[in-house]
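Notes for the structure review
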Amino acid sequence: MTFVDITMAFYAAGSLLLLLAGMAKLAFPRPAADLMAILGFPAGVWFARLAGGTEVALGIAVLAVGGPAPAMAAAGVYALFALVALLALSRGLSSCGCFGQVDSPPSRIHVIGNLFFAIVCVLAAGAGSSPRVWVGTASDQPDGRVALVLAVCVLAGLVFVSFTALPEWLRARSAGRRSPETFRVEAAGLRR
């Protein structure tokens, strides 16, 4: 596995995360709208949905089309996310607003993770390829392509958990509790 393969795997996972985060904001825009209002960005559910729609479109463009322009746009979005996470962290806010109702406190993980993905997107822009083309050429066998797609999905899932459950667990741990409260996962308006 080459450096380009590793970069493209993270690039594909980051693009998938953009797509998922955008869909979450479209379905449940309130957490993102509240965060934007507190930080001084245009407030309103409409703006959160617009941001979510933009993330979905960008995720699709990166995954399906590729090339330097979508990669640099994704790098800009991730850099903006890092700034928003840093502002939310510095103000001690309780929600990052990243993934709709899957709530998580902003943390250094958000800042570092978003900066990491911004750098990955810049590197991918230099490679001039798309995740779709990479998957198609990275393996000679159809089974290998399926394995690559599954690996990217698992990688995206691990990053999702790192951005959502891990910060809450770390906050609970630093507060001196032996085990964190049940993670607040909200789906379809239901709370567990």
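Only a predicted model underlies this, so the values are computations on that prediction, with no experimental measurement involved. Each chain carries its own residue numbering, running from 1 in the direction its sequence is written. pLDDT decides what is reported in this predicted model: residues at 70 or higher carry local features, side-chain atom pairs at 80 or more are listed and counted, and totals for whole chains, interfaces and linings draw on all residues regardless. Side-chain figures throughout are based on the complete set of non-hydrogen atoms in the structure, without hydrogens or water.

**Quick word on the overall build of the protein chain**
Counted only if it meets this: Helix numbers and strand numbers start at the N terminus; a helix is a DSSP run of H or I with at least 4 residues, a strand a run of E with at least 2. For every residue, the accessible area (1.4 Å probe, protein chains only) is compared with the maximum for its type, and the residue is labelled buried under 20%, exposed over 50%, or partly exposed between those bounds. Only heavy atoms matter for contacts: two residues are in contact if any of them lie within 4.5 Å across the pair.
Looking only at helices and strands, the protein chain has seven helices and two strands in total. Along the protein chain, from the amino end to the carboxyl end, the secondary structure elements read α-α-α-α-α-α-α-β-β. In the protein chain, buried positions account for 43% of the 192 residues. In the protein chain, of all internal contacts separated by at least 6 residues, the share reaching a separation of at least 24 is 72%.

**Re the nonpolar core**
Selection rule: Buried Ala, Val, Leu, Ile, Met, Phe, Trp, Tyr and Cys residues form a nonpolar core when they are joined through side-chain atoms within 4.5 Å.
With 32 residues, the main nonpolar core has Tyr11, Leu17, Ala74, Tyr78, Phe99 and Cys121 as its most contacted residues. Contributions of two or more residues to this core are made by helix 1 (3-27), helix 3 (45-65), helix 4 (68-90), helix 5 (108-127) and helix 7 (142-174). Here this core takes 10 residues from helix 1, the largest share from any one element. Residue contacts for Cys121: discarding those within four places in its chain leaves Tyr11, Ala71, Ala74, Ala75 and Tyr78.

**Considerations on the packing of aromatic side chains**
What counts here: Classification of ring pairs uses Phe, Tyr and Trp, with its six-membered ring standing for Trp, and accepts pairs whose centres are within 6.5 Å; under 30 degrees between planes counts as stacked, over 60 as edge-to-face, and the remaining range as tilted.
Per the stated rule, a full pass over the model turns up six aromatic pairs. Taking 5.1 Å as the distance between ring centres and 85° as the angle between the ring planes, the aromatic pair formed by Phe10 and Phe116 counts as edge-to-face. Highlighted residues: Phe10 in helix 1 and Phe116 in helix 5, separated in sequence by 106 residues. Residue class for Phe10 comes out partly exposed when judged on its relative accessible area of 24%. Ring plane angle 85° and centroid distance 5.9 Å describe the contact between Tyr78 and Phe81, whose orientation is recorded as edge-to-face. A residue pair is termed a helical-turn pair when its members lie 3 or 4 positions apart in one helix, as Tyr78 and Phe81 do in helix 4 at three residues. Judged by its relative accessible area of 3%, Tyr78 is buried. A residue is classified by how much of its surface remains accessible, and Phe81, at 23% relative accessible area, is partly exposed. Members of the aromatic cluster, each reached through a chain of ring pairs, are Phe10, Tyr78, Phe81, Phe116 and Phe117.

**Regarding the confidence of the model for the protein chain**
Selection criterion: pLDDT gives the predictor's per-residue confidence on a scale running from 0 to 100.
Averaged over every residue, the pLDDT of the protein chain is 80; residues scoring 70 or more account for 81%. Model confidence for the protein chain, summarised as mean pLDDT per element, is weakest for strand 1 (residues 186-187) at 41 and strongest for helix 4 at 93.

**Quick look at a nonpolar patch on the surface**
We count it as follows: For patch building, the residue pool is restricted to those with more than 30% relative accessible area and no salt bridge; the joining distance is 9 Å between like charges and 5 Å between nonpolar side chains (Val, Leu, Ile, Met, Phe, Trp, Tyr). Residue exposure ignores everything except the shown protein chains as possible cover, and the areas themselves are Shrake-Rupley values with a 1.4 Å probe. Whenever a carboxyl oxygen of Asp or Glu lies within 4 Å of a side-chain nitrogen of Lys or Arg, that contact is scored as a salt bridge.
On the surface, a nonpolar cluster with roughly 320 Å² of combined accessible area is contributed by Phe3, Ile119 and Leu123. Note on placement: Phe3 falls in helix 1. Residue classification places Phe3 among the exposed positions, given a relative accessible area of 57%.

**With respect to helix 4**
Threshold: Any helix carries an expected span of 1.5 Å times its number of residues minus one.
With 23 residues, helix 4 ought to run about 33 Å at 1.5 Å a step, and its terminal C-alpha atoms sit 33 Å apart, in line with that. When helix 4 is considered as a whole, its buried residues turn out to be Pro70, Ala71, Ala74, Ala75, Tyr78, Ala82, Val84, Ala85 and Ala88. Those residues of helix 4 hidden inside the fold are in contact with helix 1, helix 2 (30-39), helix 3 and helix 5.

**Side note on the packing of helix 2 against helix 3**
If you want to describe how two helices pack, look at the angle between their axes and the distance between the axes. Stated formally: Only the stretch in contact is used when a helix axis is fitted, and all axes are lines through C-alpha atoms; the angle between N-to-C directions ranges over 0 to 180 degrees. What sets the label is the angle itself: under 35 degrees gives roughly parallel, over 145 gives roughly antiparallel, 65 to 115 gives roughly perpendicular, and the rest give oblique. Each residue receives one of three labels: charged for Asp, Glu, Lys and Arg, nonpolar for Ala, Val, Leu, Ile, Met, Phe, Trp, Tyr, Cys and Pro, and polar for the others, Gly being one of them.
Here helix 2 crosses helix 3 at 110°, and the two axes come no closer than 8 Å. Of the possible angle classes, the one that applies to helix 2 and helix 3 is roughly perpendicular. Here Arg30, Ala32, Ala33 and Met36 of helix 2 lie close against helix 3, whose contacting residues are Val45, Phe47, Ala48 and Ala51. Across the contact of helix 2 with helix 3, the residue classes break down as seven nonpolar, no polar and one charged.

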